[in-house]
Amino acid sequence: CWPARTPCTLAVALALAAMGGGNGQKSAIARARNQAKADAEKGGGGGASGKASRSAAMDLKCTVCMQCFPTTQIKAAQAHAESKHPKSDFATCFPMASSA
């Protein structure tokens, strides 16, 4: 064991072997950090390059006021129907969403 004067016991050997912080750990942390960064950019990206992936189909259209919502924004469409058209229900404002 290291240093040469220290008696080498199993506990000391395991403690020295379990210590981290070498290049392998640094590489693993860097890989995880880069993967997280790539996953964040994959979702849509910024600027003109990610515009196509950010723009969802605007298939939810209010029949009362013709406001459009992306198909992923059903909760926003429900809030729109409740706040802007309190006399109409959600199925009247968005008949295409109630069938799905």
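Anything mentioned here points back to the structure above.
Residues numbered from 1 in each chain as written. Predicted model: local features only at pLDDT ≥ 70, side-chain atom pairs only at ≥ 80, totals over all residues. Heavy atoms only, no water.

Peer 1: Help me understand unusual backbone geometry, please; the structure alone is not making it clear to me.
Peer 2: The bulk of non-glycine residues show a negative phi, and the bulk of peptide bonds are trans. A positive phi is found at Met 66, a non-glycine position, where the angle reads about 65°. Take Met 66: it is sitting in the loop between strand 1 (60–61) and strand 2 (68–69). (Helix = DSSP H or I, 4+ residues; strand = E, 2+ residues; numbered from the N terminus.)

Peer 1: Explanation requested: the packing of aromatic side chains in the structure shown.
Peer 2: Between two aromatic rings, the relevant description is the distance of the centres plus the angle of the planes. Per the stated rule, a full pass over the model turns up two aromatic pairs. Residues Phe 90 and Phe 94 carry aromatic rings whose centres are separated by 5.3 Å and whose planes lie at 35° to one another, so their mutual orientation is tilted. Assessed through its relative accessible area of 22%, Phe 90 is described here as partly exposed. The class of Phe 94 is buried, set by a relative accessible area of 0%. (Phe/Tyr/Trp six-rings, centres within 6.5 Å; stacked < 30°, edge-to-face > 60°. Buried < 20%, exposed > 50% of the residue type's maximum accessible area, 1.4 Å probe, protein only.)

Peer 1: Please explain helix 4 (residues 74–84) as it appears in this structure.
Peer 2: The periodicity of an α-helix, 3.6 residues per turn, causes residues three or four positions apart to be oriented the same way. If you check which residues of helix 4 are buried, you get Ala 77, His 80 and Ala 81. Taken around the axis of helix 4, the buried residues stretch over an arc of 95°, which confines them to a single face. Exposed and facing more than 90 degrees away from the buried side of helix 4 are Lys 75, Glu 82 and Ser 83. On its buried side, helix 4 packs onto strand 1, strand 2 and helix 5 (90–93). (Arc of directions from axis to C-beta. Contact = heavy atoms within 4.5 Å.)

Peer 1: Help me out: how do you make sense of the nonpolar core in this one?
Peer 2: Side chains of a nonpolar character, in soluble globular proteins, are inclined to be buried together. Counting residues in hydrophobic clusters, the biggest one holds eight residues: Leu 60, Cys 62, Phe 69, Ala 77, Ala 81, Cys 93, Phe 94 and Ala 97. Not counting the four nearest positions on each side in its chain, Phe 94 is found in contact with Leu 60, Lys 61, Cys 62, Gln 67, Phe 69, Ala 77, His 80 and Ala 81. (Core = buried A, V, L, I, M, F, W, Y, C linked by side-chain atoms within 4.5 Å.)

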